[in-house]
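Below are the chains, spelled out letter by letter.
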Amino acid sequence: MRIGVLTGGGDCPGLNAVIRAVTRAAISKGGQVFGFKDGFKGMIENRYIALDHDSVSGILIRGGTILGTTNRDNPMRFEQIVNGQKIYCDMSEVIKKNYDSLGLEALVVIGGDGTMRMSKEIAEKTGINIVGVPKTIDNDIVGTDITFGFSSAVDIAAQALDRLHSTAESHHRVMLLEVMGRDAGWIALHAGIAGGADIILIPEIPYTIEGIIKTVTDRIKRDKHFSLIIVAEGVKTPEGKAIIKDILKTDIDLVKLGGISNYLARTIENESKIECRATILGHLQRGGSPNSFDRVYCTQLGVKAVQLIEEGKFQEMVAMVNGSLTSVPLSEVKGVKLVDPEGPLVQTARQIGISFGDG
Ligand code: F6P
């Protein structure tokens, strides 16, 4: 068994734990593992390292990825400079050539929804055998109940709420915590419940400023002179305008969300005259050590990926479905998995009086 492994897209806690599990499981079956640097970019440029027991020793608890990653490159529209001119080329055949020259039998691709989509396309174009492993703190990949990295990010966001709690209470303020998640509200929903938020704002549930202020003032009437609000970065203004931190200019413009908490703090303060502060948690959610859930889950996912290769089951993504470890075809991994506004966790939150800003 000769297999390649790479990490693509934004980093998150647990990438190294998966690399370790894949390497150790493959070696225990007499296999050899090669790690490509910086995602598909490194595979195109044929930059790789051999992975063995020594190279994955001690990495279970390390954040980031020892292989490096990028969320900028698309191997089917890969930027190159020819005669001083920027052009975009389909590099799938180069990927196939480098895969063949190492005599690989399969490639384990650890990545988010974008990386899974690219993997499917590359597999279709070249016939390379791919097994995907779903990562992202956003938990928005279709086909799996949970992505690794999510649980660790929720822990960090919940701890941030715990810390904001004391200042909110001491200063009688409304404190807003903005968390990542792109268009999905999973981190805000879970961390909001775990951290005792009074209001959870997620892109999937429309809110009003009046709805937020009503919850805050109702609390004041109950002698609770502070409120904690957790808001997902993908939440729009009540008029439907997305708040964007940046647009990265590539062949496709990459929109970077961020700043809705500042907008809300200003608006709530202006309209209610209650002091508000906003904190944007940012990349703190993606860094550092995976929690124990993610360490176990990543190990299961890595071992399962190697098991699929042994069984010759390719163009699949390992997944957790209804609590069981399984796999789903890469062709079914499309779209974005959003929070169901009527789902059980939203209902649970509502039943203990958490507001979603919708009155
Ligand atoms: O997809 C993971 C994620 O952290 C999102 O939650 C966030 O919007 C985005 O990546 C940030 O990307 P970057 O690291 O490029 O700023």
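Draft legend 1. Region of the structure containing the environment of D52. With respect to the secondary-structure elements, D52 resides in the loop between β3 (48-51) and β4 (78-82). In sequence terms D52 and R20 are 32 residues apart; their C-alpha atoms lie 9.0 Å from each other. Excluding residues that lie within four positions of it along the chain, D52 makes contacts with T23 and I27. A polar contact is formed between the side chain of D52 and the backbone nitrogen of D54, at a distance of 3.1 Å.

Draft legend 2. Main features of the nonpolar core. F148 and L264 are the most contacted members of the largest nonpolar core, which has 84 residues in total. For this core, the element with the most residues is helix α5 (residues 150-171), which contributes eight residues. Per-domain counts for this core show at least three residues from each of domain 1 (2-148 + 290-321) and domain 2 (150-286 + 340-351). Contacts of L264, omitting those with residues within four sequence positions, involve L176, L201, Y207, I209, I212 and V231. Core analysis: the next-biggest nonpolar cluster, separate from the first, contains 28 residues, L6, M43, C89 and I130 among them.

Draft legend 3. Highlighting the environment of D100. Tracing the sequence through the fold places D100 in helix α3 (residues 92-101). A residue is classified by how much of its surface remains accessible, and D100, at 41% relative accessible area, is partly exposed.

Draft legend 4. Summary view of the environment of L325. Tracing the chain through its elements places L325 in strand β15 (residues 324-329). For L325, a relative accessible area of 27% corresponds to the partly exposed category. For L325 and Q85, which are 240 residues apart along the polypeptide, the C-alpha to C-alpha distance reads 47 Å. Other than its neighbours up to four places away in sequence, L325 contacts Y297, Q300, L301, K304, A319 and M320.

Draft legend 5. Looking closely at the side chain of K337. For K337, the position within the fold is in the loop between β15 and α10 (344-351). Buried charge without a partner: K337 forms no salt bridge, and the closest opposite charge is D145, 6.1 Å away. In this structure the side chain of K337 is engaged in a polar contact, spanning 3.0 Å, whose partner is the backbone oxygen of D145. Filtering out sequence-adjacent residues up to four positions away, K337 remains in contact with N139, D140, I141, V142, T144, D145, I146, A184 and W186.

Draft legend 6. Examining the packing of helix α6 (residues 186-194) against α10 more closely. The interhelical angle for the contact between α6 and α10, taken along N-to-C directions, is 35°, at an axis separation of 11 Å. The hand of the α6/α10 crossing is left-handed. From α6, L189, H190 and I193 reach across to α10, where they touch L345, V346 and A349. Class assignment of the residues belonging to the contact of α6 with α10 gives a composition of five nonpolar, one polar and no charged.

Draft legend 7. Quick peek at the site of the ligand. All residues adjacent to the ligand are N71, I137, D138, M180, G181, R182, E233, K256, H283 and R286. For the ligand, an oxygen atom lies 2.5 Å from a polar atom in the side chain of E233. Calculation on the ligand without its partners gives an accessible area of 400 Å², and the protein chains cover 83% of this total. Partitioning the shell around the ligand into residue classes produces two nonpolar, three polar and five charged. Counting contributing residues per domain, the shell around the ligand is built from domain 1 (2-148 + 290-321) and domain 2 (150-286 + 340-351), each supplying no fewer than three.

Draft legend 8. Expanded view of the side chain of K304. Along the chain, the position of K304 falls in helix α9 (residues 292-311). This buried residue, K304, is left without a salt bridge; E311 holds the nearest opposite charge, at 5.6 Å. Ignoring anything within four residues of it in the chain, the contact list for K304 reads V318, L325 and T326.

Draft legend 9. Summary view of helix α1 (residues 15-28). With 14 residues, α1 extends 20 Å between its outermost C-alpha atoms, agreeing within 8% with the 20 Å of an ideal straight helix rising 1.5 Å per residue. Residues of α1 that are buried sit in contact with β1 (2-7), β2 (32-36), β3, β6 (106-111), β7 (130-134) and α9. Where α1 ends, the next residue or the one after it, G30, has phi of about 80°, a positive value.

Draft legend 10. Representation of the layout of surface pockets within the structure. Estimated volume of the largest pocket: approximately 1,100 Å³. Together, 46 residues line the largest pocket, and G10, N71, R182, L254 and K256 are the ones closest to its centre. Here the element with the most residues in the lining of the largest pocket is helix α4 (residues 113-126); it accounts for six residues. Class assignment of the residues belonging to the lining of the largest pocket gives a composition of 14 nonpolar, 15 polar and 17 charged.

Draft legend 11. Here's a closer look at the sheet that holds strand β8 (residues 174-179). Pairing within the open sheet is parallel, and its four strands lie in the order β9-β10-β8-β13. Edge positions in the sheet fall to β9 (199-201) and β13 (276-280), since each has one partner strand and no second. Sheet twist, expressed as the average angle between the axes of neighbouring strands with direction ignored, equals 20°. Where β8 lies against strand β10 (residues 227-232), six bridges are found, and the strand directions are parallel. Within β10, the position partnered with E178 by the bridge is V231.

Thresholds, definitions, all that
- Residues numbered from 1 in each chain as written.
- Predicted model: local features only at pLDDT ≥ 70, side-chain atom pairs only at ≥ 80, totals over all residues.
- Heavy atoms only, no water.
- Helix = DSSP H or I, 4+ residues; strand = E, 2+ residues; numbered from the N terminus.
- Contact = heavy atoms within 4.5 Å.
- Polar contact = N/O pair within 3.5 Å; in protein donor to acceptor, adjacent residues only side chain to side chain.
- Core = buried A, V, L, I, M, F, W, Y, C linked by side-chain atoms within 4.5 Å.
- Buried < 20%, exposed > 50% of the residue type's maximum accessible area, 1.4 Å probe, protein only.
- Domains from an automatic or database assignment.
- Lys, Arg positive; Asp, Glu negative; His and termini not counted.
- Salt bridge = Lys/Arg side-chain N within 4 Å of Asp/Glu carboxyl O.
- Axes fitted to C-alpha atoms, helices over the stretch in contact; angles between N-to-C directions.
- Left-handed = near helix turned anticlockwise from the far one by under 90°.
- Nonpolar A, V, L, I, M, F, W, Y, C, P; charged D, E, K, R; others polar.
- Near = heavy atom within 4 Å.
- Areas by Shrake-Rupley, 256 points an atom, 1.4 Å probe, with all protein chains shown as cover.
- Expected span 1.5 Å × (residues − 1).
- 1 Å grid on protein atoms, 1.4 Å probe; cavity = no way out; pocket = protein on both sides within 12 Å on 5 of 7 lines; lining within 4 Å.
- Points joined across faces, edges and corners; volume = space filled by probe spheres on them.
- Pairing = 2+ DSSP bridges.

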